[in-house]
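# Report on the structure
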Amino acid sequence: MIAAPDSPGLVGPVVLSMKMAHRTHGEGATAVHALRGVDLEVRLGELVAVMGPSGSGKSTLLNLAGGLDTPTQGTVTLAGAELSAMDPRARARVRRRSVGYVFQDFNLIPALTAAENVSLPRELDGVGTRPAREEALVAMAEIGIEDLADRFPDELSGGQQQRIAIARALVGPRRMVLADEPTGALDSAAGEDVMRVLRARVDRGAGGLLVTHEPRFAAWADRTVFLRDGMVVDTTGGASGPESLLAGGGRHRGDR
Amino acid sequence: MSIRHGIIALLAEQDMHGYQLKVEFERRTGGTWPVNIGQIYTTVQRLVRDGLVLPAPGERSDDRADVERFTLTDAGRAQATVWWSTPVERGAPARDELAIKLALAVTAPGVDVRDVVQAQRTESMRALHDFTRLKAAQPQTDDLGADLAWSLVLDHLVFDAEAEVRWLDHVEARVARASLHPRPSPRPTDDPAAGGAGGGRARRRSGAPPPGGRRR
Ligand SMILES: Nc1ncnc2c1ncn2[C@@H]1O[C@H](COP(=O)(O)OP(=O)(O)O)[C@@H](O)[C@H]1O
Ligand SMILES: [Mg+2]
């Protein structure tokens, strides 16, 4: 009756790799082990969701992945560069060139138009104003929001602002997007629009790491990693056979 | 879900013959609940018997004399109005295998509830992934109404699976809290495995995915 959709787009090379990453705050008796030996790989074209109770280490994981923080043990490699072995300035350069962030509260600059917000990271990269704007328009067109280019944030809904934040995160050469509860401030339908855009953008050639506490949104990812007390306790997702789809008549279909 | 109410609702819009009822029912519910023509006719006959439906007058005179159209009686029309204005009863929940399984797991010797929860969550998340993939792959057609119907039906499955995952998280948290303040529970004394303090129950899962957990 219902055909299984093809599995999501081709998966490319590894963008982010964490190996036995630990992050301990403080020392001795008062040490807090925020992460305890996490292995994680994200490839181009892959969106990975991170779930877990509060305090389980999700934000720490994202901070390590984006080079905002470094592991106390283990390695983090982003776009081929081993962040954990770099001095802060070199790390900041890799970070600027390779990753973009999306936060719960959108974080757009109110005095700038949508296109100016999206082009800002490129201008900070040293690209001229005009080429930066061109790139911004490309990034916006890729997710179908070019018509919002000249609007200001306060003229836009939360869902629209968040889609602009996604365009900004992946403008220019950036290939990794780190999203911490990007749907947290949105209603369910707007949250879904944002997930659709994030998914589509990742499918076109980016890696994504998404922290969310909503299983419904995690389900847009290829895999979901569950953290508990700083460790990965479970991984779900990945390809599944057509037997599990609607036509298969699983437990959820018992009412047919 | 009863086909009965669906048929009444469709006939409230216009008179239809049996095959038309089948096609409309399926289209309007996003193709999720296929019905066979036999079910349609059986149900229509019951509705006729109950005085809610009548063969439409004058039908046999046209060139498609073999197809009989049906129409609602006043009582049938009243039923349609009542159906739209009355919430579907939640009723007593069906005996849910999962709830029973977890209830038993809490006290079953040698069973770690957390393992049961984890395995189930893997399965529920997989279902959630699959429904979401169907949503993402939904082709846009010319029939906006049918597209919307289909995606709403999928959303129902999505929210249902999500509720289960949330409940499993809750169970896990409750179990973890309870194990911090253990209460004496009846355990078979002749089971050597259940003997020592801090036995199998306190065991944590390692990083390995459970058997059957999938990776791409
Ligand atoms: N700078 C810090 N100093 C001390 N402890 C910290 C610091 N940052 C995070 N932690 C602790 O590390 C653990 C993980 O935190 P976090 O990664 O923010 O979890 P989550 O995002 O899952 O809620 C928590 O116990 C938190 O209190
Ligand atoms: Mg956090």
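Residues take numbers from 1 onward in each chain, read along the sequence in its written order. Here chains are named by letter from A upward and ligands by number from 1 upward, in the order in which they appear as written. Totals for whole chains, interfaces and linings use every residue, but because this is a predicted model, local features are given only for residues with pLDDT of at least 70 and side-chain atom pairs only at 80 or more, for both listing and counting. Working from all heavy atoms in the structure, the side-chain values ignore hydrogens and water.

### Focus on the packing of helix α1 (residues 3-13) of chain B against helix α4 (residues 74-85) of chain B
Residue and element names in this part refer to chain B. Let me state the cut-off plainly: Structural elements are reduced to axes, namely lines fitted to C-alpha atoms, with helices fitted over the stretch in contact, and the angle between N-to-C directions of any two is expressed from 0 to 180 degrees. Helix numbers and strand numbers start at the N terminus; a helix is a DSSP run of H or I with at least 4 residues, a strand a run of E with at least 2. Any angle between 65 and 115 degrees counts as roughly perpendicular, while under 35 counts as roughly parallel, over 145 as roughly antiparallel, and the rest as oblique. With the far helix as reference, a near helix turned anticlockwise by less than a right angle produces a left-handed crossing, and one turned clockwise produces a right-handed crossing. For this analysis, residues touch if any pair of their heavy atoms sits within 4.5 Å. Residues were grouped as follows: Ala, Val, Leu, Ile, Met, Phe, Trp, Tyr, Cys and Pro as nonpolar; Asp, Glu, Lys and Arg as charged; and all remaining residues, including Gly, as polar.
Close contact between α1 and α4 brings their axes to 9 Å; oriented N to C, the two are set at 110°. If you check the angle between α1 and α4, you find them roughly perpendicular. Pair α1 / α4 crosses with left-handed handedness. Here α1 contributes His5, Ile8, Ala9, Leu11 and Ala12 to the contact with α4, which in turn contributes Gly76, Arg77, Gln79, Ala80, Trp83 and Trp84. Of the residues that constitute the contact of α1 with α4, the class distribution is 7 nonpolar, 3 polar and 1 charged.

### What to know about the sheet that holds strand β4 (residues 73-78) of chain A
Strands in a sheet are paired, the pairing made by backbone hydrogen bonds, and the direction either parallel or antiparallel. Residue and element names in this part refer to chain A. To keep it simple, the criterion reads: One bridge is not enough; two strands pair if DSSP finds at least two bridges between them.
Ordered in space as β2-β1-β4-β5, the 4 strands form an open sheet in which the pairing is antiparallel. Of all the strands in the sheet, just β2 (32-43) and β5 (81-82) have a single pairing partner and so form its edges. Pairing of β4 with β5, which is carried by 2 bridges, proceeds in the antiparallel orientation. Looking across to β5, one finds that leucine 78 is bridged to alanine 81. Packed on one face of the sheet, helix α1 (residues 58-65) meets β1 (14-25), β2 and β4 and runs near 125° to β1.

### A closer look at the pairing of strand β6 (residues 99-103) of chain A
Residues and elements named next belong to chain A. The following threshold applies: Throughout, exposure labels follow a simple rule: accessible area from a 1.4 Å probe, protein chains only, divided by the maximum for the residue type, with under 20% read as buried, over 50% as exposed, and the rest as partly exposed.
Burial analysis of β6 places 4 of its 5 residues in the buried class, which makes it a mostly covered element. Sheet topology note: the β6/strand β7 (residues 176-180) ladder contains 5 bridges and is parallel. Pairing of tyrosine 101 across the sheet is with leucine 178, part of β7.

### Focus on the site of ligand 1
Residue and element names in this part refer to chain A. As a reminder of what qualifies: Residues are classed as near a molecule or strand on a simple rule: at least one heavy atom within 4 Å of it. Residues adjacent in sequence count toward polar contacts only when both atoms are side-chain atoms; beyond that, a polar contact is any pair of N or O atoms within 3.5 Å, and within protein one must be able to donate a hydrogen and the other to accept it. The method behind every accessible area is Shrake-Rupley, applied with a 1.4 Å probe, and residues are considered shielded solely by the protein chains displayed.
Inspection of the region around ligand 1 gives His25, Val32, Ala34, Pro53, Ser54, Gly55, Ser56, Gly57, Lys58, Ser59 and Thr60 as its neighbouring residues. Between an oxygen atom of ligand 1 and a main-chain N or O atom of glycine 55, the distance comes to 2.6 Å. Within the contact set of ligand 1, an oxygen atom lies 2.9 Å away from a side-chain nitrogen or oxygen of lysine 58. Here ligand 1, which alone exposes 570 Å², has 57% of that area covered by the protein. Elements with a contribution of two residues or more to the shell around ligand 1: β2 and α1. When residues in the shell around ligand 1 are grouped by element, the largest group, 3 residues, is from α1. Residue composition of the shell around ligand 1, grouped by class: 3 nonpolar, 7 polar and 1 charged.

### Regarding the domain arrangement of chain B
All names here are of chain B. This is how the line gets drawn: Delimitation of the domains relies on an automatic or database domain assignment. Accessible area, probed at 1.4 Å, shrinks when two parts are joined; the buried area is that loss added up over both. Salt-bridge detection follows one rule: a side-chain nitrogen of Lys or Arg within 4 Å of a carboxyl oxygen of Asp or Glu.
In terms of domain boundaries, chain B breaks down into domain 1 (3-85) and domain 2 (97-180). One C-alpha centre belongs to domain 1, the other to domain 2; they are set 36 Å apart. Tallying the contact residues gives 6 residues for domain 1 and 5 residues for domain 2. Carbon and sulfur atoms supply 64% of the area buried between domain 1 and domain 2, which totals about 400 Å² over both sides. Counting the surface domain 1 buries against domain 2, the share from its top three residues, Arg27, Gly30 and Thr32, is 75%. Applying the counting criterion to the domain 1 and domain 2 interface returns 0 salt bridges. The interface formed by domain 1 and domain 2 holds 0 residue pairs in polar contact (both at pLDDT 80 or more) in total.

### Comments concerning the environment of alanine 200 of chain A
Inspection of the secondary structure puts alanine 200 of chain A in helix α6 (residues 188-203). Along the primary structure alanine 200 of chain A and glutamate 155 of chain A are separated by 45 residues, whereas in three dimensions their C-alpha atoms are 25 Å apart.

### Some points on the sheet that holds strand β1 (residues 16-17) of chain B
Residues and elements named next belong to chain B. Taken in spatial order, the 3 strands make up an open sheet running β1-β3-β2, and their pairing is antiparallel. The sheet is open, and its two borders are formed by β1 and β2 (53-55), each paired with just one other strand. Of the pairings in the sheet, the one linking β2 to strand β3 (residues 69-72) comprises 3 bridges and is antiparallel in character. For leucine 54, the partnering residue across the bridge sits in β3 and is threonine 71. Helix-sheet contacts for α1 involve β1, β2 and β3, and the interaxial angle to β3 is about 90°.

### Details of the pattern of salt bridges
All names here are of chain B. Considering all chains together, one arrives at 31 salt bridges over all chains under this definition. With a closest N to O distance of 3.1 Å, arginine 121 and glutamate 172 form a salt bridge. In this pair, arginine 121 is assigned in helix α6 (residues 113-136) and glutamate 172 in helix α7 (residues 144-180), connecting sequence segments 51 residues apart. On the basis of relative accessible area, glutamate 172 is assigned to the buried category, the value being 8%.

### Examining unusual backbone geometry
Negative phi values dominate among residues other than glycine, just as trans dominates among peptide bonds. All names here are of chain A. Despite not being glycine, methionine 20 shows a phi value in the positive range, around 45°. Residue position: methionine 20 is located in strand β1. A positive phi angle is found at asparagine 107, which is not glycine, with a value near 60°. The residue asparagine 107 is located in the loop between β6 and α3 (114-124) in this model. With a relative accessible area of 38%, asparagine 107 lands in the partly exposed category.

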